[in-house]
Amino acid sequence: MNTIYYGRQYIDEDDCTAVREVLLSDYLTTGPKPRELEQRLCELTGAEYAISIANGTAALHAACFAAGIGAGDEVITTPMTFVASANCVLYCGGKPVFADIEADTYNISPKSVEALITPNTKAVIAVDFTGQAARYNELRDICERHGLVLIGDAAHSIGTKYNGKAIGNVADITTFSFHPVKTVTGGEGGAVLTNNKGYYDKLMLFRTHGITREHFQMISPTDDYWYYEQVELGYNYRLTDFQAALIISQLNKLDMFTARRREIVKRYNEAFSNMPEIIIQQEIPQSDTVRHLYIIQLNYDFLKCARREFFDAMFEKGIVCNVHYIPVYFHPYYERLGYKKGLCPVAERVYEGVLTLPLYYSLSDDDVERVITEVKKAVMYFRKPGVSI
Ligand SMILES: *Cc1c(COP(=O)(O)O)cnc(C)c1O
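Residues numbered from 1 in each chain as written. Predicted model: local features only at pLDDT ≥ 70, side-chain atom pairs only at ≥ 80, totals over all residues. Heavy atoms only, no water.

S.K.: How do you make sense of the nonpolar core when you look at a structure like this?
M.R.: Note that soluble globular proteins tend to have their nonpolar side chains buried in a common cluster. Of all hydrophobic cores here, the largest spans 40 residues; its most connected members are Leu41, Tyr136 and Phe176. Residue assignment for this core shows that the elements contributing at least two residues are helix 2 (33-45), strand 5 (121-127), helix 6 (136-146), strand 10 (190-194), helix 8 (241-251) and helix 9 (254-272). Apart from the residues lying within four places of it in its own chain, the contact partners of Phe176 are Leu41, Thr45, Gly56, Ala59, Ala154, Ile158, Ile167, Gly168, Gly189, Gly190, Ala191 and Leu193. (Core = buried A, V, L, I, M, F, W, Y, C linked by side-chain atoms within 4.5 Å. Buried < 20%, exposed > 50% of the residue type's maximum accessible area, 1.4 Å probe, protein only. Helix = DSSP H or I, 4+ residues; strand = E, 2+ residues; numbered from the N terminus. Contact = heavy atoms within 4.5 Å.)

Okay, here's the thing in C-alpha cells:
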C-alpha cells in the first residue's frame, strides 16, 4: 500500500517546460520572470503592487521592514502558526505579542488583539490559518482606530476571497509563500503585495541590499549609467527566474488545484461532521476558502487516547498525519525570551487535539476514502466506553 503524506506538490510537464525554457535563456536571476510573476499576482488579486521574494519568511521580514517595525515596537500575532510569522518581528528588533485564537475557526481573535494593544503596538500580523481568511473587517477596524499596520500572512490562503475580495488585496501588506507544501509552489519562493506605493518602494529596496537605481530614492542622484546607491540596510532576497517561471506555470493551475481541494474538504466534512469524537474547523461566511490544510481536532470527551496514539494508529496504516502548529511560544527559543505557557489558553487547548489529515491536489478518491476509513477505525478503537452518543 502506498504511503500517504499530509501534503505534496503537483508538478506536470508544463511546469518542467517553463523551468527548462528559463534555464536555456539569458537570465537565471534578475531577468524578466520575477516581474512577470509580480504582474500575474496583481491580476490574480487586484492588488496594485507585488514584489517577488526568496521565500515566505523573507516576505514577512520585508513586510515588517516596510511597516517600520524597529526596537521596542510590539507586533500582535497568533501562536497558532509557523514560527516565521513571529520570527519576522524579532528580525526587526521588535517584540511579538501573542493574541489568542477563536475556539471554532482557529484564527486570531480580534477581541484578544484589542485587549493587548499598548502605546508600543505598531502592527498586527493575521494568519489565514489553513487557508481561511482571518476576520479582516474586525481587524481593520481595530487597526484604524489605533493607527496600526495590518499585515496578512497568507502563506496558506492564495486563491481565498474575503467578502468577495481576493486575499492579497485585503490587508495593508500581504505575504505569500511558494514552499512545496503550499497550494502553489516554486520549490522556494514568496511574494509581498500592497496597494501602498510607500510600502512598495521600501519592499523593493529591502529585497536588494537597500540598493536603488531610482533617482527619487537617491541622496545624490546622477545620470551615470552604472550609478546606484545603497540607502538602507537590505538583504539579497531575490527570487530566481526559474523559480518565478515555475510559480507562474503553477498559477495557471490554481483553479484546478482549488476545485480538487474543495472536493476533498467537502468529502472529509461529510464524513466527520456527525462524529462527536471529531471536531471539524468552522468556517466564517465571509471567507470563500481555498483550503491548504485539513485539520481535525480530537474530542477527548469521547476518546480515551493521547494524540500520539491516534497519530501512530494512522501511521501504521501508511497515513502520515502532521500537527499544525506547536504554539510558537512553546519553542525553547521563545521560552528563553521569557514567554510562558498559559498565555493563550484557547490555542493551547486546541493544540492538544489537532491532527492534520492529507490534503493535496493529486490525492485520489481511493486515498481519501482510505483516510476516512482509518480515521473511523481509530475512533472506534479509542472511543471511551460508557459515553453514549
Ligand atoms: C510556510 C509558512 C511561512 C514561511 O514560508 P516559507 O516560504 O517556508 O519561508 C510563513 N507563515 C506560514 C503561516 C507558513 O505556513
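S.K.: It is not clear to me how the pairing of strand 5 should be interpreted in this structure. Could you clarify?
M.R.: In summary, the side chains of a regular strand alternate between the two faces of the sheet. Buried residues dominate strand 5, accounting for 6 of its 7 residues. Inspection of the sheet shows strand 3 (residues 74-77) paired to strand 5 by 4 bridges, in the parallel sense. Residue pairing in the sheet places Ile76 in a bridge with Val124 of strand 5. Pairing analysis gives 5 bridges linking strand 5 to strand 6 (residues 149-153), with the strands arranged parallel. In the sheet register, Ala126 faces strand 6, and the bridge partner there is Gly152. For the handedness criterion, the β-α-β arrangement of strand 5, helix 6 and strand 6 is classed as right-handed. (Pairing = 2+ DSSP bridges. Right-handed = clockwise from strand over helix to strand, strands pointing away.)

S.K.: Before we go on, may I ask you to explain the state of the cysteines in this structure?
M.R.: What we call a disulfide is simply a covalent bond connecting the sulfur atoms of a pair of cysteines. Scanning all chains against the criterion turns up 0 disulfides. The thiol of Cys305 is unpaired, and the distance to the nearest cysteine sulfur, on Cys321, comes to 12 Å. (Disulfide = S-S within 2.5 Å.)

S.K.: Quick question: what am I supposed to make of the site of the ligand here?
M.R.: In the vicinity of the ligand, 17 residues are found, and the nearest of them are Gly56, Thr57, Asp153, Ser177 and Lys182. Contacts to the ligand include Thr57, whose side-chain N or O atom sits 2.5 Å from an oxygen atom. Within the side chain of Lys182, one N or O atom sits 3.1 Å away from an oxygen atom of the ligand. Relative to its unbound accessible area of 380 Å², the ligand is 92% covered by the protein chains. Of all the secondary structure elements, the ones that give two or more residues to the shell around the ligand are helix 3 (56-66) and helix 4 (84-91). Ranked by residue count, the leading element in the shell around the ligand is helix 3, at 3 residues. A class-by-class count of the residues in the shell around the ligand yields 6 nonpolar, 9 polar and 2 charged. (Near = heavy atom within 4 Å. Polar contact = N/O pair within 3.5 Å; in protein donor to acceptor, adjacent residues only side chain to side chain. Areas by Shrake-Rupley, 256 points an atom, 1.4 Å probe, with all protein chains shown as cover. Nonpolar A, V, L, I, M, F, W, Y, C, P; charged D, E, K, R; others polar.)

S.K.: Looking at this model, I keep getting lost on the sheet that holds strand 17 (residues 354-357). Mind explaining?
M.R.: Adjacent strands of a sheet form backbone hydrogen bonds with each other and so pair up, either parallel or antiparallel. If you trace the 3 strands from one edge of the open sheet to the other, you get 13-15-17, paired in antiparallel fashion. Strand pairing shows two members of the sheet lacking a second neighbour, strand 13 (278-280) and strand 17, which therefore form its edges. Going from strand to strand, the sheet's axes swing by 40° on average, the running direction of each strand aside. In the sheet, strand 13 pairs with strand 15 (residues 294-298) via 3 bridges, with the strands oriented antiparallel. Note on strand 15: the bridge partner recorded for Ile279 is Gln297. (Axes fitted to C-alpha atoms, helices over the stretch in contact; angles between N-to-C directions.)

S.K.: I keep staring at the pattern of salt bridges and nothing clicks. Help me out?
M.R.: Where side chains of opposite charge bring their charged atoms close, a pairing between them can arise. Across all of its chains, the model carries 21 salt bridges by this definition. Of the charged contacts in the structure, one is a salt bridge between Glu263 and Arg260, with a shortest N-O distance of 2.7 Å. Placement of both Glu263 and Arg260 in helix 9 is noted, with a separation of 3 residues, approximately one turn of the helix. By relative accessible area, which is 47% here, Glu263 ends up partly exposed. According to the relative accessible area criterion, Arg260 is buried, its value standing at 13%. (Salt bridge = Lys/Arg side-chain N within 4 Å of Asp/Glu carboxyl O.)

S.K.: When you look at unusual backbone geometry in this model, what are you seeing that I'm missing?
M.R.: Excluding glycine, a negative phi dihedral is what most residues carry, and trans is how most peptide bonds are arranged. At the junction of His324 and Tyr325, the peptide bond is cis and its omega measures out at -5° in the coordinates. Among the structural elements, Tyr325 can be located in the loop between strand 16 (319-320) and helix 11 (332-336). One non-glycine residue, Tyr106, lies in the positive phi region at around 70°. Of note in the backbone geometry, Thr130 takes a positive phi value of approximately 70° without being a glycine.

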